[in-house]
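So you can see what is in the structure, the chains are spelled out below.
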Amino acid sequence: MEMAFLQGLSIGGSLTVAVGAQNAFILKQGLIRSYPLVIAVLCSCIDAIMITFGVLGFGQVIDAYPVIVNVARIGGALFLFGYGAHALYMSCATNEQLSSGPKGASSFSQVLLLTLGVSLLNPSLYLDTVLLLGSISVQFQGVERTLFAIGAIVASLAWFFSLSFGAKYLSPLFTHPQAWVYLDRAICLVMWSIAVILIVPYVT
C-alpha cells in the first residue's frame, strides 16, 4: 500500500512540477502576492478532481470521445496566445509604467477567471491527470488505487502551495523593474511555445 502512495506521489509530482502556463501564471501572481491562497486552493482542487476522475475511469470517456481533447487543444491554444500577447505588451511598457510596480491580475474576479483559464483550458491537465494517471492506476486495485490517487493529489497540493507562497522569497530578485520585463517575456515565450505545440497537429 505504501508503494502505491509513493508511486502516486512521485508521478503526480513530476507531472505537476513541469514548466507550463499554469505554473508561470502562479509564479507571477505569487511574486506580486495577489491572492496566493485563492490560486493555490483553486489549482489544487481542480487537479484533485481531475485525478479522481482519471482513477475512477473517466479517462476512458475522453479516450472514447477524442473530440473533447481537440476542443481543449484549440481553445487552450487561443487562450495561451492571448495571454502571451498580454505578457509581451506588459514587457514593452515604458519606464514610468514599470516604476509604478509590476502588473498582474489584481482583482478577485480577474484572478479567479485567469486561474480557471490557465488550468481548464490546458489540454495537459486532461492528458496528464486524467488519461496518464488514470491508465497507470489500473495496476492497483481497491484501497491501493485510492492511495495512488491520494499520493498524486498530495504532490499537486504541495507543489501549488509551495509555488504560490514561496514565490515571495524570490521578490528581492525583482526589485528592479527590468527584471519584470524579462519575466513577462519569458512567460510570453512559455505561453506561445505551448500554444504552438497544441496547434501543430492541425496544421501539419
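Sequence order as written defines the numbering, with residues in each chain counted from 1. In keeping with the model being predicted, local features are shown solely for residues with a pLDDT of at least 70 and side-chain atom pairs are shown and tallied solely at 80 or more, while totals for entire chains, interfaces and linings include all residues. Only hydrogens and water are set aside; all other atoms, that is, all heavy atoms of the structure, feed into the side-chain values.

J.: What is the right way to look at the overall build of the protein in this model?
T.: Helix numbers and strand numbers start at the N terminus; a helix is a DSSP run of H or I with at least 4 residues, a strand a run of E with at least 2. Helix and strand content of the protein: ten helices and zero strands. What you see in the protein, going N to C, is helices and strands ordered as α-α-α-α-α-α-α-α-α-α. Pairs of residues are marked as contacts when any of their non-hydrogen atoms sit within 4.5 Å. Considering only contacts within the protein whose residues lie at least 6 apart along the sequence, 89% involve residues at least 24 apart. Throughout, the Shrake-Rupley method with a 1.4 Å probe supplies accessible areas, and for residues the shown protein chains are the sole cover considered. As displayed, the protein has an accessible area near 10400 Å², and 72% of this comes from carbon and sulfur atoms.

J.: Hey, could you run me through the environment of Ala 48 in this one?
T.: Checked against the element boundaries, Ala 48 lands in helix 3 (residues 36-55). The buried label applies to any residue whose accessible area, calculated with a 1.4 Å probe on protein chains only, is under 20% of its type's maximum; exposed applies above 50%, and partly exposed to all values in between. With relative accessibility at 19%, the residue Ala 48 sits in the buried group.

J.: Explain the packing of aromatic side chains to me, please; I cannot follow it from the model alone.
T.: Two aromatic rings, taken as a pair, are described by how far apart their centres are and by the angle between their planes. For Phe, Tyr and Trp, rings pair up if their centres lie within 6.5 Å, where Trp contributes its six-membered ring, and each pair is then called stacked (planes under 30 degrees apart), edge-to-face (over 60) or tilted (otherwise). One pass over the full model with this rule turns up two aromatic pairs. Their ring planes at 70° and their centres at 5.7 Å tell us that Tyr 35 and Phe 108 sit as a pair that is edge-to-face. You can see Tyr 35 sitting in the loop between helix 2 (21-31) and helix 3 and its partner Phe 108 sitting in helix 7 (residues 108-120), a full 73 residues away along the chain. Where Phe 161 meets Phe 165, the ring centres are 6.1 Å apart and the plane angle is 10°; that geometry is what we call stacked. In this pair, Phe 161 and Phe 165 both sit in helix 9 (residues 143-166), four residues apart, roughly one turn of the helix.

J.: Hey, could you run me through the packing of helix 2 against helix 9 in this one?
T.: If you want to describe how two helices pack, look at the angle between their axes and the distance between the axes. Running from N to C, helix 2 and helix 9 cross one another at 40°; their axes reach a closest spacing of 7 Å. The angle between helix 2 and helix 9 falls in the class oblique. Along its contact with helix 2, which presents Gln 22, Asn 23, Ile 26, Leu 27 and Gly 30, the element helix 9 presents Trp 159, Phe 160, Leu 163 and Ser 164. To define axes, lines are fitted to C-alpha atoms, for helices over the stretch in contact only, and angles between the resulting N-to-C directions are given on a 0 to 180 degree scale. Angular relationships are summarised with four words: roughly parallel below 35 degrees, roughly antiparallel beyond 145, roughly perpendicular across 65 to 115, and oblique for the angles in between.

J.: Honestly, unusual backbone geometry in this entry has me stumped. Any pointers?
T.: Note: most peptide bonds trans; most residues except glycine with negative phi. Despite not being glycine, Arg 33 shows a phi value in the positive range, around 55°. Among the structural elements, Arg 33 can be located in the loop between helix 2 and helix 3. Judged by its relative accessible area of 54%, Arg 33 is exposed.

J.: Is there a simple way to think about helix 3 in this case?
T.: A helix is expected to span 1.5 Å multiplied by its residue count minus one. With 20 residues, helix 3 ought to run about 28 Å at 1.5 Å a step, and its terminal C-alpha atoms sit 28 Å apart, in line with that. Positive backbone phi, approximately 105°, marks Gly 57, located one or two places after helix 3.

J.: What's the story with the confidence of the model for the protein in this structure? I'm lost.
T.: Caution applies to low-pLDDT regions: their predicted coordinates should not be interpreted in detail. Summing up the model confidence of the protein, the mean pLDDT is 78 and the portion of residues at 70 or higher is 83%. No element of the protein has a lower mean pLDDT than helix 6 (residues 95-99), at 43, and none a higher one than helix 3, at 90. Below a pLDDT of 50 lies the segment residues 94-102, which in the model reaches eight contacts outside its immediate sequence neighbourhood of four places, other chains included. Per residue, pLDDT measures the predictor's confidence, with a range of 0 to 100.

J.: Please clarify how helix 10 (residues 177-203) should be interpreted in this entry.
T.: Between the first and last C-alpha of helix 10 there are 38 Å, a value that for 27 residues agrees with the 39 Å anticipated at 1.5 Å per step. Think of it this way: the bend at a residue is just the angle between two axes, each fitted to seven residues, one set ending at that residue and the other starting at it. In the structure, helix 10 departs most strongly from a straight axis at Ile 197, where the bend amounts to approximately 30° and where the proline Pro 201 lies between one and four residues downstream.

J.: Teacher, can you tell me more about the nonpolar core here?
T.: The nonpolar side chains of a soluble globular protein tend to be buried with one another. In this description, a nonpolar core means a group of buried Ala, Val, Leu, Ile, Met, Phe, Trp, Tyr and Cys residues linked to one another through side-chain atoms lying within 4.5 Å. Residues Phe 25, Ile 26, Ile 39, Leu 80, Ile 187 and Met 191 are the most contacted members of the largest nonpolar core, which totals 24 residues. Put simply, the parts of the chain that give this core at least two residues each are helix 2, helix 3, helix 5 (67-91), helix 7, helix 9 and helix 10. At eight residues, helix 10 tops the list of elements feeding residues into this core. Formed by ten residues, the second largest nonpolar core is a distinct cluster that contains Ala 4, Ile 11, Ile 51 and Ala 149.

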